[in-house]
Amino acid sequence: MAKIAIDAGHGRYTSGKRCLKKLDPNETREWVLNDRVADALGTYLKQAGHSIRRMDDTDGSTDVSLESRVRKANEWDADFYISVHHNAGIGGGSGGGTEVYVSAGCQSKSKKAQAAIYKHAVKRGDLKGNRSDGTKTANFYVIVHTKMPACLIECGFMDSKTDIKKILKKSWSKKIALGIAEGICDVFGGKIDGDKEPEKKPDKKPEKPATEKAKHYKKYKGGSSSIVDALKAIGVNNSFNNRKKIAKANGIKNYSGTGAQNVEMLSLLKKGKLKRP
């Protein structure tokens, strides 16, 4: 059977990736939703005889870099890569729905998997929304740079008053996971018993209490003297704009990337005291 690389997008503490507060007072993090689907998907695919491997941090404590996710899949020589996400952009409205993406100029098997996954995911999850066609093209990093056929699914919208009623339910996560698995099996073989539910697993707990983990980045233990390299090493977006946000959160005013500012940020990071924006 096939080797399937499963990627639950982002990490538990990725900035901004959460449900809209007025629809979900708990502001459930996107990774939590992604992980629920990815977990059930892996169970169904193993049931069908496939080998599966997660490309993200299965605890969610680290937002593994896109480069690392792709490298792991390529080194494993996976036969297919599926990235699981939940969308945003409705702003509290009633639109939304499931979308499945491939990259421009993708392999033919990517297109076949896209069509099959969308068909089964919409059938199982019942979230067609207001999309006349939820099969789309976009150059997301993980589906462009993987060597194998690849798709990215946006299961539903975290800021849609229609979608939120479904995507917050653990039972729904299993339903759409079953649909994704059925689509993959249509293309890569295998049979799933849809009446046999995945084993119920307890909610995953982060290494430390969420309040503590969310407050600071994990300590950098490497030897680099560059804040850019240090952030990358721990799976954090190291772009200038994000460093500017981090600097502001840590009282470093008017950040422009000077040596002194970067040294101060690196010092805090090495002590485990660099605050998240």
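To be clear, the structure that these remarks concern was listed above.
A brief report on the enclosed structure follows. This structure is a prediction, so every number in the text was calculated from the model and none was measured.

1. Observations regarding unusual backbone geometry
And then number 1: One non-glycine residue, Asp77, lies in positive phi territory at about 60°.
And then number 2: Tracing the backbone through its elements, the reader meets Asp77 in the loop between α2 (66-76) and β3 (80-87).
And then number 3: Residue Asp77 is classed as exposed on the basis of its relative accessible area, which comes to 54%.
And then number 4: Look at Asn254: it is not a glycine, yet its phi comes out positive at around 50°.
And then number 5: Along the chain, the position of Asn254 falls in the loop between α9 (240-249) and α10 (259-271).

2. Quick notes on the nonpolar core
And then number 1: Membership of the largest hydrophobic core comes to 41 residues, with the highest contact counts inside it found for Leu41, Phe80, Ile82, Ile117, Ile153, Ile180 and Ile184.
And then number 2: Among the secondary structure elements, those contributing two or more residues to this core are β1 (3-8), α1 (30-47), β3, β4 (99-102), α3 (108-125), β6 (150-157), α5 (164-167) and α6 (170-188).
And then number 3: In terms of residues, this core owes the most to one element, α6, which gives nine residues.
And then number 4: With residues up to four places along the chain from it excluded, the contact list for Leu41 reads Ile6, Ile82, Val84, Ala177, Ile180, Ala181 and Ile184.
And then number 5: Counting residues in hydrophobic clusters, the runner-up holds 15 residues, among them Tyr217, Val236, Leu266 and Leu274.

3. Details of the layout of surface pockets
And then number 1: Looking at the largest pocket, its volume works out to about 1,100 Å³.
And then number 2: His10, Thr14, Asp63, Gly235 and Asn237 are, among the 47 residues lining the largest pocket, the residues nearest its centre.
And then number 3: Elements represented by at least two residues in the lining of the largest pocket include exactly α2, β3, α4 (141-144), β6 and α9.
And then number 4: The residue makeup of the lining of the largest pocket, split by class, is 14 nonpolar, 19 polar and 14 charged.

4. Section: the environment of Glu182
And then number 1: As for its position among the elements, Glu182 is in helix α6.
And then number 2: For the pair Glu182 and Tyr44, spaced 138 residues apart in the sequence, the C-alpha separation amounts to 8.7 Å.
And then number 3: In this structure, Glu182 is in contact with His120, Arg124 and Ile192, ignoring residues within four places of it in sequence.

5. Quick look at the sheet that holds β1
And then number 1: Across the sheet, which stays open at both edges, the six strands sit in the order β2-β1-β3-β6-β4-β5 with mixed pairing between neighbours. The sheet is open, and its two edges are formed by β2 (51-54) and β5 (135-137), each paired on a single side. Going from strand to strand, the sheet's axes swing by 25° on average, the running direction of each strand aside.
And then number 2: Judged from the five bridges that link them, β1 and β3 form a sheet pairing that is parallel. Residue pairing for β3: Ile6 is matched across the bridge by Ile82.
And then number 3: On top of the sheet, α1 reaches β1, β2, β3 and β6; it is set at about 145° to β3, its chief contact.
And then number 4: Its contacts with the sheet place α6 against β1, β3 and β6, and it is angled at close to 150° to β3.

6. Notes on the packing of aromatic side chains
And then number 1: For the coordinates displayed, the defined rule picks out three aromatic pairs.
And then number 2: Measuring from ring centre to ring centre gives 5.1 Å for Tyr101 and Phe140, while their planes differ by 75°; the resulting arrangement is edge-to-face. In this pair, Tyr101 is assigned in strand β4 and Phe140 in the loop between β5 and α4, connecting sequence segments 39 residues apart.
And then number 3: Overall, Tyr101 belongs to the buried group, its relative accessible area being 11%.
And then number 4: For Phe140, a relative accessible area of 31% gives the class partly exposed.

Definitions and cut-offs
Residues numbered from 1 in each chain as written. Predicted model: local features only at pLDDT ≥ 70, side-chain atom pairs only at ≥ 80, totals over all residues. Heavy atoms only, no water. Helix = DSSP H or I, 4+ residues; strand = E, 2+ residues; numbered from the N terminus. Buried < 20%, exposed > 50% of the residue type's maximum accessible area, 1.4 Å probe, protein only. Core = buried A, V, L, I, M, F, W, Y, C linked by side-chain atoms within 4.5 Å. Contact = heavy atoms within 4.5 Å. 1 Å grid on protein atoms, 1.4 Å probe; cavity = no way out; pocket = protein on both sides within 12 Å on 5 of 7 lines; lining within 4 Å. Points joined across faces, edges and corners; volume = space filled by probe spheres on them. Nonpolar A, V, L, I, M, F, W, Y, C, P; charged D, E, K, R; others polar. Pairing = 2+ DSSP bridges. Axes fitted to C-alpha atoms, helices over the stretch in contact; angles between N-to-C directions. Phe/Tyr/Trp six-rings, centres within 6.5 Å; stacked < 30°, edge-to-face > 60°.

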